[in-house]
Amino acid sequence: MKPEIERQEMRAFLLGTLDGDQTTQFEERILTEPGVYEELLVVEEELIDQYVAGDLSALEQQQFESHFLITAERQKNLRFGKLLQKYANSHIGLTEAPPVPVQSLSLLRARSRRWAWVGIFAAVVGCAGIIFVRGLVNRREAASVEQAIPRVVVTLLPGSTGTEGSSAQRVIVSPKGGEVKLELELTNPTFRNYKSELFRENKSLQIADELRIEAKGEQHVVPFTVTGEMLSPGDYQVKLSGVLDSGADEFIDNYSFRVIE
Amino acid sequence: MNKNWSLSQEDFDALLDWLDSDREQAGIKYEQIRSSLIKIFTGRGCIDAEELADETINRVTRRIREIQSDFTGDPARYFYGVAKLVYLEYLRRKPPQTPPPPPDSARAELEYRCLEGCIQRLSEEDRDLLLREYGAKGRTQADRRKALAEELGISLNALRIRVYRIRLTLKECIEKCIQGSPL
């Protein structure tokens, strides 16, 4: 099935508009094809964003409110979507240059064109100044953020046994959080792209795809960076898969590590 | 339904063995089946989807010895058959669906403060991507993403997954932040 058609089917399922037979077939796929379940999670988040942004049609909005929002979990997700939008709205000027107002273009047609050009020149100089100062501030902030965020690099060997293995690699995560770069050592680097998934007690915490091999001495590793924030003390597993040209995953190996305080 | 039945460790172990001979893989499959059942019940409009998913698993576990010897095929399909029966029973005794109350203003304020803090902890690259994803006005999500994917030189699907991953990280961070903050 084409991805776009599949996404439409998922939207219909989430909004409760899929017909009986299609629902049965789709539900079976949720249970038997892990990729379908993962994609459904993504489509669910996108639907929430579209609702918050007012991108849904009137009918979809009504279906969203009467069917989709029935559980407390989804209502919580909607609150999160609204918070995110609120945050982005209040920071919009920091990422995008505002559009040129139509009124300023009409200045060019005004009788005193000279003053218009003087005004434009002053505005350009002013903007350049602001961009320069903001660039300096951003560089300084970026430098201080880089200094403030600690980064831990850990090399993991394949085939490590499960959660109780006392030989699991120990990882100390800074109380400040930061990032942990896991280097997953490969015995046979045959794929162009890799996908890895972090688990704790069988619960998926983070997925990364389109990972590329890096050379490390004579070895090859697949780098997988995870946020230190999510690593509380305990045992973790990483599942590494290779991505075939067809887009399907092929399981390669499991890795495990233990986070200690 | 046998109301006196309770889940024993032996039954649960047998269930895991049936799912996969490797215990770690069995645990992963168990979680996948449970999460999928929750999605299915939610999709059917059940407010207490988690309870129904657990009820489905309990019923399968209760009959695990017979199933192990009689059933061949993907265990997930067996769970699906039982889930359909659990759903029919649910429809007969469907409880009144009362939506949970909205959070109070103090909680909403705390959630926003936590979000601000968590966004600051993202990498600069992720933070920038998030603001571009949600900050651009006057375009639909599809248009915004198409432009952004082109600009970043990545596929649309890679961008979708990246945004999803950032959202997931933020949600977990906010959850921890709320748990650690007195209201």
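Up top is the structure these notes are about.
A few points on the structure. Note that the coordinates shown come from a computational prediction; the quantities given were computed from them, not determined experimentally.

A few points about the overall build of chain B
Right, so step 1: What chain B contains, in helices and strands, is nine helices and zero strands.
Right, so step 2: The helix and strand sequence of chain B, counted from the amino end, reads α-α-α-α-α-α-α-α-α.
Right, so step 3: Classification of the 183 residues of chain B by burial places 44% in the buried group.
Right, so step 4: Considering only contacts within chain B whose residues lie at least 6 apart along the sequence, 59% involve residues at least 24 apart.

Some thoughts on the interface of chain B and chain A
Right, so step 1: Contacts between the two partners involve 63 residues from chain B and, on the opposite side, 60 residues from chain A.
Right, so step 2: Buried area between chain B and chain A, both sides added, is near 5900 Å², and the carbon and sulfur share of it is 56%.
Right, so step 3: With a closest N to O distance of 3.2 Å, Glu44(A) and Lys39(B) form a salt bridge.
Right, so step 4: Scanning the region where chain B abuts chain A turns up 21 residue pairs in polar contact (both at pLDDT 80 or more).
Right, so step 5: Broken down by element, the residue count for the side of chain B that touches chain A peaks at 15 residues, all from helix 9 (residues 156-179) of chain B.
Right, so step 6: A class-by-class count of the residues in the side of chain B that touches chain A yields 25 nonpolar, 16 polar and 22 charged.

Observations concerning the environment of Phe199(A)
All names here are of chain A.
Right, so step 1: The topology assignment puts Phe199 in strand 4 (residues 193-200).
Right, so step 2: Judged by its relative accessible area of 6%, Phe199 falls in the buried class.
Right, so step 3: The sequence separation of Phe199 and Val238 amounts to 39 residues, and the corresponding C-alpha distance is 6.1 Å.
Right, so step 4: Every residue in contact with Phe199, bar those within four places of it in the chain, is listed here: Ser204, Leu205, Tyr236, Gln237 and Lys239.

Brief notes about empty space enclosed by the protein
Right, so step 1: This structure, assessed with the given rule, holds five cavities of 30 Å³ or more.
Right, so step 2: Considered as a void within the structure, the largest cavity measures approximately 60 Å³ in volume.
Right, so step 3: Lining the largest cavity, in full, are Thr227(A), Glu229(A), Cys118(B), Arg121(B), Leu122(B), Thr169(B), Leu170(B) and Cys173(B).
Right, so step 4: For the lining of the largest cavity, the secondary-structure elements that each account for two or more residues are helix 6 (105-121) and helix 9 of chain B.
Right, so step 5: Here the lining of the largest cavity gets three residues from one element, more than from any other, and that element is helix 9 of chain B.
Right, so step 6: The residue inventory of the lining of the largest cavity, partitioned by class, reads four nonpolar, two polar and two charged.

With respect to a nonpolar patch on the surface
All names here are of chain B.
Right, so step 1: Together, Leu85, Leu88 and Leu91 give the surface a local cluster of nonpolar side chains, amounting to about 270 Å² of exposed area.
Right, so step 2: Residue position: Leu91 is located in helix 5 (residues 75-92).
Right, so step 3: Accessibility expressed as a relative area gives 40% for Leu91, which makes it partly exposed.

A word on the packing of helix 6 of chain B against helix 9 of chain B
All names here are of chain B.
Right, so step 1: With their axes 9 Å apart at the nearest point, helix 6 and helix 9 run at an angle of 125° to one another. Regarding the angle of helix 6 to helix 9, the classification is oblique. Relative to helix 9, the crossing made by helix 6 is right-handed. Listed contacts from helix 9 to Arg107, Leu110, Glu111, Cys114, Leu115, Cys118, Ile119 and Arg121 of helix 6 are Leu170, Cys173, Ile174, Cys177 and Ile178.
Right, so step 2: The class makeup of the residues in the contact of helix 6 with helix 9 is ten nonpolar, no polar and three charged.

Focus: the pattern of salt bridges
Residue and element names in this part refer to chain B.
Right, so step 1: Applying the stated criterion across every chain, the model contains 36 salt bridges over all chains.
Right, so step 2: A salt bridge links Arg63 to Glu66, with the nearest nitrogen and oxygen atoms 3.1 Å apart.
Right, so step 3: On the accessibility criterion, Arg63 (39% relative accessible area) is partly exposed.
Right, so step 4: One salt bridge connects Glu125 with Arg162, and the closest N-O pair in it is separated by 3.0 Å. Of this pair, Glu125 sits in helix 7 (residues 124-135) while Arg162 sits in helix 9, and the two are 37 residues apart along the sequence.

What counts, and at which threshold
- Residues numbered from 1 in each chain as written.
- Chains lettered and ligands numbered in written order.
- Predicted model: local features only at pLDDT ≥ 70, side-chain atom pairs only at ≥ 80, totals over all residues.
- Heavy atoms only, no water.
- Helix = DSSP H or I, 4+ residues; strand = E, 2+ residues; numbered from the N terminus.
- Buried < 20%, exposed > 50% of the residue type's maximum accessible area, 1.4 Å probe, protein only.
- Contact = heavy atoms within 4.5 Å.
- Buried area = accessible area lost by both parts, 1.4 Å probe.
- Salt bridge = Lys/Arg side-chain N within 4 Å of Asp/Glu carboxyl O.
- Polar contact = N/O pair within 3.5 Å; in protein donor to acceptor, adjacent residues only side chain to side chain.
- Nonpolar A, V, L, I, M, F, W, Y, C, P; charged D, E, K, R; others polar.
- 1 Å grid on protein atoms, 1.4 Å probe; cavity = no way out; pocket = protein on both sides within 12 Å on 5 of 7 lines; lining within 4 Å.
- Points joined across faces, edges and corners; volume = space filled by probe spheres on them.
- Patch = residues over 30% accessible without salt bridge, like charges linked within 9 Å, V, L, I, M, F, W, Y side chains within 5 Å.
- Areas by Shrake-Rupley, 256 points an atom, 1.4 Å probe, with all protein chains shown as cover.
- Axes fitted to C-alpha atoms, helices over the stretch in contact; angles between N-to-C directions.
- Parallel < 35°, antiparallel > 145°, perpendicular 65-115°, else oblique.
- Left-handed = near helix turned anticlockwise from the far one by under 90°.

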